[in-house]
Amino acid sequence: METTISTVEGERPELKKFSTRSQELNYVARKIADLISRGVHPGEIAVIARTNRVWEECWRVLGSAGIPVDTKEIGGAGTNGVQCGTMHGSKGCEFSYVFVIGANKDIIPNKKSLDSAPDAEERERRINQEKQLLHVALTRARHQVYLTCSGEPSEFLKLLELE
């Protein structure tokens, strides 16, 4: 197997923690509006979450703020709006700016997935899979990644050494 090294090196991810999901999503909407006002095309921005429920909440907040959001699957061609989707859906996609949202305990890693593991070995495999998913999401940006959480942060954030 051949090793590939990326020639793109962006800024270090920016971590923001909030007390509530509402504060988190409003921050994301303000930050995206600022990027667009500085000339970034909305289609060059992605919002990525571990679950559909989390990105769909953000999609509604962005739309309510008047930010153009795409209704197509993340990574679809010819997009005119901010793209929203899951970590799984973002595989193979690339954007200028990425917001990885909902990096909370019980979401990353996904509590439901871990709790349903039949044994310790499978649980460990799923934890590693969750780490890989977070890595995928964090490596979709050419320029900047914004990582956000509300409430209790994911234990994985300690591994990133962003604090």
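Remember, predicted model here, so these are calculated numbers, not experimental data.

Colleague: So what exactly am I meant to see when it comes to the packing of aromatic side chains here?
Modeller: What the rule picks out here adds up to two aromatic pairs. Aromatic pair phenylalanine 18 and tyrosine 27: ring centres 5.2 Å apart, planes at 40°, arrangement tilted. The pair phenylalanine 18 / tyrosine 27 is uniform in exposure class, with both members buried. For the ring pair phenylalanine 99 and tyrosine 146, a centre distance of 4.6 Å and an interplane angle of 15° mean the geometry is stacked. Remark: tyrosine 146 occurs in strand E5 (residues 141-150) and phenylalanine 99 occurs in strand E4 (residues 95-100); sequence separation between them is 47 residues.

Colleague: Explanation requested: the sheet that holds E4 in the structure shown.
Modeller: Strand pairing in a sheet relies on backbone hydrogen bonds, with the paired strands running either antiparallel or parallel. Reading across from one edge, E1-E5-E4-E2-E3 is the order of the five strands in this open sheet, with parallel pairing throughout. Looking at which strands have only one partner, the edges of the open sheet turn out to be strand E1 (14-18) and strand E3 (83-86). Neighbouring strand axes in the sheet, compared pairwise and without regard to direction, differ in orientation by 20° on average. Examined bridge by bridge, strand E2 (residues 45-49) and E3 share four bridges and lie parallel to one another. What sits directly across from valine 47, in E3, is cysteine 84. Across the sheet, helix H1 (residues 21-37) is in contact with E1, E2, E4 and E5; its angle to E5 comes to roughly 160°.

Colleague: Sorry if this is basic, but what is going on with the confidence of the model for the protein here?
Modeller: Regions with low pLDDT carry predicted coordinates that are not meant to be interpreted in detail. Looking at the protein, the pLDDT average stands at 89 and 91% of residues meet or exceed 70. When mean pLDDT is compared element by element in the protein, H1 scores highest at 97, while helix H6 (residues 156-160) scores lowest at 87.

Colleague: Explain the side chain of arginine 126 to me, please; I cannot follow it from the model alone.
Modeller: Tracing the sequence through the fold places arginine 126 in helix H5 (residues 120-138). Side chain to side chain, arginine 126 and glutamate 122 meet in a polar contact 2.8 Å long. Residues in contact with arginine 126, not counting those within four places in the same chain, are Ser113, Leu114, Ser116, Ala117 and Pro118.

Colleague: Mind showing me how you'd approach the side chain of glutamate 130 here?
Modeller: Topologically, glutamate 130 is positioned in helix H5. For glutamate 130, a relative accessible area of 2% gives the class buried. A polar atom in the side chain of glutamate 130 sits 3.2 Å from the backbone nitrogen of asparagine 110. When sequence neighbours within four positions are dropped, the list of residues in contact with glutamate 130 reads Arg50, Ile107, Pro109, Asn110, Ser113 and Phe156.

Colleague: Just to check I follow, could you spell out the pattern of salt bridges for this structure?
Modeller: Two side chains of opposite charge can pair, provided their charged atoms sit close to one another. According to the stated counting rule, one finds 11 salt bridges in the structure shown. A salt bridge links glutamate 57 to arginine 53; its shortest N-O distance comes to 2.8 Å. Separated by four residues within a single helix, glutamate 57 and arginine 53 lie in helix H2 (residues 52-64), roughly one turn from each other. Salt bridges here are not isolated pairs; linked through shared partners, they connect Arg21, Glu24, Arg53 and Glu57.

Colleague: Help me out: how do you make sense of unusual backbone geometry in this one?
Modeller: The amide bond that connects isoleucine 108 to the next residue, proline 109, takes the cis arrangement and shows omega of 0°. The residue proline 109 is located in the loop between E4 and helix H4 (111-115) in this model. Phi at aspartate 106 takes a positive value of approximately 75°, unusual for a residue other than glycine. With respect to the element layout, aspartate 106 can be found in the loop between E4 and H4. Look at aspartate 106 and you get partly exposed, because its relative accessible area is 40%.

What counts as what
Residues numbered from 1 in each chain as written. Predicted model: local features only at pLDDT ≥ 70, side-chain atom pairs only at ≥ 80, totals over all residues. Heavy atoms only, no water. Phe/Tyr/Trp six-rings, centres within 6.5 Å; stacked < 30°, edge-to-face > 60°. Buried < 20%, exposed > 50% of the residue type's maximum accessible area, 1.4 Å probe, protein only. Helix = DSSP H or I, 4+ residues; strand = E, 2+ residues; numbered from the N terminus. Pairing = 2+ DSSP bridges. Axes fitted to C-alpha atoms, helices over the stretch in contact; angles between N-to-C directions. Contact = heavy atoms within 4.5 Å. pLDDT = per-residue confidence, 0-100. Polar contact = N/O pair within 3.5 Å; in protein donor to acceptor, adjacent residues only side chain to side chain. Salt bridge = Lys/Arg side-chain N within 4 Å of Asp/Glu carboxyl O.

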